[in-house]
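A closer look at the structure
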Amino acid sequence: MTEQDVRKKVKALKRFYTDLMSYVLVNSLLVLVWLAFDRSGTFWPKYVIVVWGFVVMAKAYWMGLLPFFFYKISFLTPDWEDKKVDEMMGKRHHQRKVPLRRDMKK
């Protein structure tokens, strides 16, 4: 990895941390507004917290910051596609070796 590639990763990481700080600050303010003015109504900040939280988690995953969580789900691991292709190719290859009935009569 070159220094330029490392600098790009560091800038992307800095952007992610900035987004994470924005997420925490804005959602904290929304909760405070809800507490101050609309405590009896529906907790409406939950919609922003959930949707924006999902986006932040997706960003963290694509940056490689959350691999431990997604390794629990087998089809999200990096080598899952390769294993699946090998498995399916093996089955196809195995199926081709099975003799047909007409070939057995000869």
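Structure's up top.
Residues numbered from 1 in each chain as written. Predicted model: local features only at pLDDT ≥ 70, side-chain atom pairs only at ≥ 80, totals over all residues. Heavy atoms only, no water.

1. Things to note about the overall build of the chain
Along the chain, the regular secondary structure elements total five helices and zero strands. Across the chain, helices and strands are ordered from the amino to the carboxyl terminus as α-α-α-α-α. Every one of the 106 residues in the chain was classed for burial, and the buried ones make up 11%. For the chain, the accessible surface area stands at approximately 9,600 Å², while carbon and sulfur atoms represent 65% of it. (Helix = DSSP H or I, 4+ residues; strand = E, 2+ residues; numbered from the N terminus. Buried < 20%, exposed > 50% of the residue type's maximum accessible area, 1.4 Å probe, protein only. Areas by Shrake-Rupley, 256 points an atom, 1.4 Å probe, with all protein chains shown as cover.)

2. Here's the deal with helix 2 (residues 45-62)
The end-to-end C-alpha distance of helix 2 is 26 Å, a good match for the 26 Å that 18 residues give at a rise of 1.5 Å each. Among all positions of helix 2, only Pro45, Gly53, Val56, Ala60 and Tyr61 are buried. In a view along the axis of helix 2, the buried residues occupy a sector of 135 degrees, so they form one face of it. Facing away from the buried side of helix 2 by more than 90 degrees, the exposed set consists of Tyr47, Val50, Val51, Phe54 and Trp62. (Expected span 1.5 Å × (residues − 1). Arc of directions from axis to C-beta.)

3. Considering the packing of helix 1 (residues 3-37) against helix 2
Where helix 1 meets helix 2, the closest approach of the two axes is 10 Å, and the angle between their N-to-C directions is 170 degrees. Accordingly, the angle class assigned to the pair helix 1 and helix 2 is roughly antiparallel. Across from Phe16, Asp19, Leu20, Ser22, Tyr23, Val26, Asn27, Leu30, Val31 and Trp34 in helix 1, the residues of helix 2 making contact are Pro45, Val48, Ile49, Trp52, Gly53, Val56, Lys59 and Ala60. Looking at the contact of helix 1 with helix 2 residue by residue, the class counts come to 13 nonpolar, three polar and two charged. (Axes fitted to C-alpha atoms, helices over the stretch in contact; angles between N-to-C directions. Parallel < 35°, antiparallel > 145°, perpendicular 65-115°, else oblique. Contact = heavy atoms within 4.5 Å. Nonpolar A, V, L, I, M, F, W, Y, C, P; charged D, E, K, R; others polar.)

4. Examining the packing of aromatic side chains
Per the stated rule, a full pass over the model turns up four aromatic pairs. Geometrically, the ring pair formed by Phe16 and Tyr17 is tilted, given 5.9 Å between the ring centres and 55 degrees between the ring planes. Judged by its relative accessible area of 7%, Phe16 is buried. Exposure remark for Tyr17: the relative accessible area of 43% places this residue in the partly exposed category. For the pair Tyr23 and Trp52, a centre-to-centre distance of 5.5 Å together with 90 degrees between the ring planes defines the contact as edge-to-face. Remark: Trp52 occurs in helix 2 and Tyr23 occurs in helix 1; sequence separation between them is 29 residues. (Phe/Tyr/Trp six-rings, centres within 6.5 Å; stacked < 30°, edge-to-face > 60°.)

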